[in-house]
Amino acid sequence: MIPSRAPRPARRGSVTLVLVVAAACLLAVAAALLGATAVAYGTGELRIPGAGTATLLRTALFAALAVHTGALAAGALVRSVPDRPPAVARDWATAASVIGAAAAAGQIVRLALVSDLGPVGTYGTREGGLLLLTANGFALAACCAASRRPALAALPLAVVVVAEALRAHPEAYSPLAGAALTTLHLAAASLWTGGLLHVLRTMRLWRASPAAARALLGRYARPAAWLYVALAVTGTCSALRRLPLDVVLTSAYGRTLLAKLALLAVVSVLALVARRRLARDADPAGAERSARREAAALGAVVLVSAVLTVVPDPHWIGTR
């Protein structure tokens, strides 16, 4: 008998998944490199040197922070599920923090090139010093993740959040208020996005135990609702203090913020659908599919948020 040469469905599905992921990554890189320039077209604002590189590096930094922070939060949720299966998702925390440290170091190199400063001169600037603190925080978090006490990584990750919040607010008007809002916003976003990623990875391993998978998603849904409220409040306050209403459509910051709000509206709908399916169906498969779409949309939000940190501050436009 001649064996069939037809491709196996599992192999065909794996190839399709790889192609989809590769296409999504290429699209994300292109959006990061061109995003700041695209939204600033026709605004008359000053061009930011190396804006595409900065956006790409900050996207990697935000993603790394979300993955490691989410791993810590999701680990606690997994341990709280009774009668949970023994399968555990592979730890991504160490690799994530290594990537975060590399992204922060890359921003230091970019700053040195753009400003024509040497390494010592770059470290002496406010932004350079905060980026160095961020890189060291990620490096320490990676060491903690690889040790026997991975929970200790929470402290250096908190330092990373505060350092990034301070770096994002060099303006003369109320910088501490802006940094405080960004600290809360970034922490909530990291926990929401990274926590959902790790919960979905664990649910996939627990498909043979739908009750445990459903319980895990339910445990994530409750704190996620509070994280959503924190994001909405801090994001609204930050937008009101930083964006004059008369330049919402004529500034790069305003256009990027509108894109982020549109994506968050999509995320909100997907989150509500997932929660309703979780409450209605005993099988968590439907809720898991909606949650996966929610995670993909949150990935787009991370990228747009990185663009938002690169485009010019619009406050000066409304005060001319």
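Residues numbered from 1 in each chain as written. Predicted model: local features only at pLDDT ≥ 70, side-chain atom pairs only at ≥ 80, totals over all residues. Heavy atoms only, no water.

### Digging into the overall build of the protein
Moving on, step 1. Each helix and strand counted, the protein has 11 helices and 0 strands in total.
Moving on, step 2. Ordered by position from N to C terminus, the α and β elements of the protein give α-α-α-α-α-α-α-α-α-α-α.
Moving on, step 3. Taken against the 2.2 N^0.38 rule, which gives 20 Å for 320 residues, the C-alpha radius of gyration of the protein at 21 Å falls within 12% of a compact globule.
Moving on, step 4. In terms of overall dimensions, the protein has a C-alpha envelope of 75 × 50 × 45 Å along the principal axes.
Moving on, step 5. Within the protein, the proportion of its 320 residues that are buried is 44%.
Moving on, step 6. Relative to all contacts within the protein whose residues are 6 or more apart in sequence, the contacts with residues 24 or more apart total 78%. (Helix = DSSP H or I, 4+ residues; strand = E, 2+ residues; numbered from the N terminus. Rg over C-alpha atoms; globule rule 2.2 N^0.38 Å. Buried < 20%, exposed > 50% of the residue type's maximum accessible area, 1.4 Å probe, protein only. Contact = heavy atoms within 4.5 Å.)

### So, the packing of aromatic side chains
Moving on, step 1. Scanning all chains against the criterion turns up 1 aromatic pair.
Moving on, step 2. Taking the centre distance of 5.7 Å and the plane angle of 85 degrees together, the rings of Trp192 and Tyr228 count as edge-to-face. Of this pair, Trp192 sits in helix H7 (residues 175–205) while Tyr228 sits in helix H8 (residues 210–242), and the two are 36 residues apart along the sequence.
Moving on, step 3. According to the relative accessible area criterion, Tyr228 is partly exposed, its value standing at 37%.
Moving on, step 4. Arg201 extends its terminal NZ or CZ atom over the ring of Trp92, reaching a point 3.6 Å from the ring centre. (Phe/Tyr/Trp six-rings, centres within 6.5 Å; stacked < 30°, edge-to-face > 60°. Lys NZ or Arg CZ within 6 Å of the ring centre and 35° of its normal.)

### Section: unusual backbone geometry
Moving on, step 1. The phi dihedral of Asp83 falls on the positive side, at around 55 degrees, and the residue is not glycine.
Moving on, step 2. By the secondary structure assignment, Asp83 is in the loop between helix H2 (51–79) and helix H3 (93–115).
Moving on, step 3. Take Asp83: its relative accessible area is 77%, and that puts it in the exposed class.
Moving on, step 4. Even without being glycine, Asp116 reaches a positive phi, approximately 60 degrees.
Moving on, step 5. Along the chain, the position of Asp116 falls in the loop between H3 and helix H4 (119–123).
Moving on, step 6. Classification of Asp116 as exposed rests on a relative accessible area of 70%.

### What to know about the nonpolar core
Nonpolar side chains in soluble globular proteins tend to end up buried together.
Moving on, step 1. The biggest cluster of nonpolar side chains holds 28 residues, and the ones touching the most others in it are Trp192, Val199, Met203, Trp206, Leu216, Leu217 and Tyr220.
Moving on, step 2. Broken down by secondary-structure element, the contributors of at least two residues to this core are H2, H7, H8, helix H9 (252–280) and helix H10 (285–310).
Moving on, step 3. In terms of residues, this core owes the most to one element, H8, which gives 8 residues.
Moving on, step 4. Membership of the second largest hydrophobic core comes to 20 residues, among which are Val67, Ala153, Val161 and Ala306. (Core = buried A, V, L, I, M, F, W, Y, C linked by side-chain atoms within 4.5 Å.)

### Describing the environment of Thr59
Moving on, step 1. Tracing the backbone through its elements, the reader meets Thr59 in helix H2.
Moving on, step 2. Considered as a pair, Thr59 and Leu46 are 13 residues apart in the sequence and their alpha carbons are 22 Å apart.

### As for the packing of H2 against H7
Moving on, step 1. Here H2 crosses H7 at 60 degrees, and the two axes come no closer than 6 Å. The angle between H2 and H7 places the two elements in the oblique class. Between H2 and H7 the crossing geometry is right-handed. The segment H2 lies against H7, with Phe62, Leu65, Ala66, Val67, Thr69, Gly70, Ala71, Ala73, Ala74, Leu77 and Val78 engaging Leu186, Ser190, Leu191, Thr193, Gly194, Gly195, Leu197, His198, Val199 and Thr202. (Axes fitted to C-alpha atoms, helices over the stretch in contact; angles between N-to-C directions. Parallel < 35°, antiparallel > 145°, perpendicular 65-115°, else oblique. Left-handed = near helix turned anticlockwise from the far one by under 90°.)

### Overview of the pattern of salt bridges
Moving on, step 1. In this structure the tally under the stated criterion is 6 salt bridges.
Moving on, step 2. Between Arg275 and Glu294 there is a salt bridge; the shortest N-O distance is 2.9 Å. Of the two residues, Arg275 is situated in helix H9 and Glu294 in helix H10; the sequence distance between them amounts to 19 residues.
Moving on, step 3. Here Glu288 and Arg292 are joined by a salt bridge, their closest N and O atoms 2.8 Å apart. On the criterion of helical spacing, the pair formed by Glu288 and Arg292 is a turn pair, its members being 4 residues apart in helix H10.
Moving on, step 4. For Glu288, a relative accessible area of 7% corresponds to the buried category.
Moving on, step 5. Taken together, the shared-partner salt bridges connect Arg58, Glu127, Glu164 and Arg167 into one network. (Salt bridge = Lys/Arg side-chain N within 4 Å of Asp/Glu carboxyl O.)

### Points about the environment of Ala95
Moving on, step 1. Along the chain, Ala95 falls in helix H3.
Moving on, step 2. Judged by its relative accessible area of 47%, Ala95 falls in the partly exposed class.
Moving on, step 3. A C-alpha to C-alpha distance of 36 Å links Ala95 and Leu46, two positions 49 residues apart in sequence.

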